[in-house]
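Coordinate analysis (summary)
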Amino acid sequence: METQTWLFELEGEHRDLETIVELFGDCNQLLPAEGKWLLLTTLPSSMGAPDVRVVAGERLARFNASAQVTYGNHENVRLGAMSCVDPSGGPATQFISATGIAGQSRVGGGKLIADRLLAAADKDEYFDRALYLFGVVPHDWRGLSVVLDVGKEGNGKERGLIAKGWVPGSSIVDFRETANSFRAVGHQARHGGVKTGVPHASQSLEEARAMIRTILEKWARDLA
């Protein structure tokens, strides 16, 4: 099967780009080029550019999700301009030169966690879907609910997930009750009815985000 290598310029804040490079720079999928970083992906030559971008976007989503689980304050890096590598050895599309990627560094030691997350994604289809979603959905009540839904599906529903002991069972219940209640979180709620649901949020959104990160990290550890 003939293949084609594509390059995608990565866009984002310097610190977030640094994080992606720190965690995944040795996976042979990232390439420095004139002060920027490129994501490499090799796919069948029969695939058109739109489909190639989808595949690359899914890969980057897992990178972003892993960085978010690892550090918590990561902002998603995005795919920018794309180009093909000339099979004859000629240069790919030229990228505009930029200043060197420099910025604030995060506390090190996150690579072990990130590697474990990606390894777990290769082992378990439910974890893979949850990690991907965590990398693409907004981290609001609805988005986090989608991620938690997969966690429940892959671990024996809510009761089974609670039994894992990764987070206190009360936290999972508080999340469900808050996320489902229009009275508690308004238009961010999963449901619009006002006759049911808790009257006040029993968990903050920051607590909910931290809970989902913890579930993903400990789920990956168990799979490893």
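Each remark here, short or long, concerns the structure printed above.
This section reports on the structure supplied with the text.

Thresholds applied
- Numbers given to residues run from 1 along each chain, matching the order in which its sequence is written.
- Given that the model is predicted, a residue must reach a pLDDT of at least 70 before its local features are reported, and side-chain atom pairs must reach 80 or more before they are shown or counted; all residues, however, enter totals for whole chains, interfaces and linings.
- Side-chain measures were taken over the full set of non-hydrogen atoms in the model, leaving aside hydrogen atoms and water.
- Pairs of strands are assigned from DSSP output, requiring at least two bridges between the strands.
- Comment: elements are numbered from the N terminus, with helices defined as DSSP H or I runs of at least four residues and strands as E runs of at least two.
- What counts as an axis is a line fitted to C-alpha atoms, over the stretch in contact for a helix, and the angles between N-to-C directions run from 0 to 180 degrees.
- Note on aromatic pairs: the rings of Phe, Tyr and Trp (six-membered ring only in Trp) are paired at centre separations within 6.5 Å, and the planes decide the class, stacked below 30 degrees, edge-to-face beyond 60, tilted for the rest.
- Working definition: with a 1.4 Å probe on protein chains only, accessible area under 20% of the residue-type maximum means buried, over 50% means exposed, and in between means partly exposed.

The next subject is the sheet that holds strand β2 (residues 30–33). Strand pairing in a sheet is mediated by backbone hydrogen bonds. Such pairs are either parallel or antiparallel. Within the open sheet, the four strands sit side by side as β2-β3-β1-β4. Their pairing is antiparallel. Two strands bound the open sheet, and with one partner strand each, they are β2 and β4 (78–84). Averaged over all pairs of adjacent strands, the angle between their axes in this sheet comes to 35°, without regard to strand direction. Where strand β1 (residues 3–11) and β4 come together, five bridges link them in antiparallel fashion.

Before going further, it helps to examine the pairing of β1. Here seven bridges tie β1 to strand β3 (residues 36–44), and the two strands are oriented antiparallel to one another. For threonine 3, the partnering residue across the bridge sits in β3 and is proline 44.

With that settled, the discussion passes to the packing of aromatic side chains. If you walk through the whole model with that rule in mind, you get four aromatic pairs. With a centroid separation of 4.2 Å and 10° between ring planes, the pair formed by phenylalanine 24 and phenylalanine 63 is classed as stacked. A residue pair is termed long-range when its members are at least 10 positions apart, and phenylalanine 24 in helix α1 (residues 14–24) and phenylalanine 63 in helix α2 (residues 49–71) qualify at 39 residues. Across the pair, phenylalanine 63 and phenylalanine 24 agree in class, each one buried. Geometrically, the ring pair formed by tryptophan 166 and tryptophan 219 is stacked, given 6.2 Å between the ring centres and 25° between the ring planes. Pair noted here: tryptophan 166 is in the loop between α6 (157–164) and α7 (169–179) and tryptophan 219 is in helix α9 (residues 205–223), with a separation of 53 residues, a long-range link. Residues tryptophan 166 and tryptophan 219 agree in their burial class; the two are buried. Clustering of aromatic rings is evident, with ring pairs tying together Phe127, Trp166 and Trp219.

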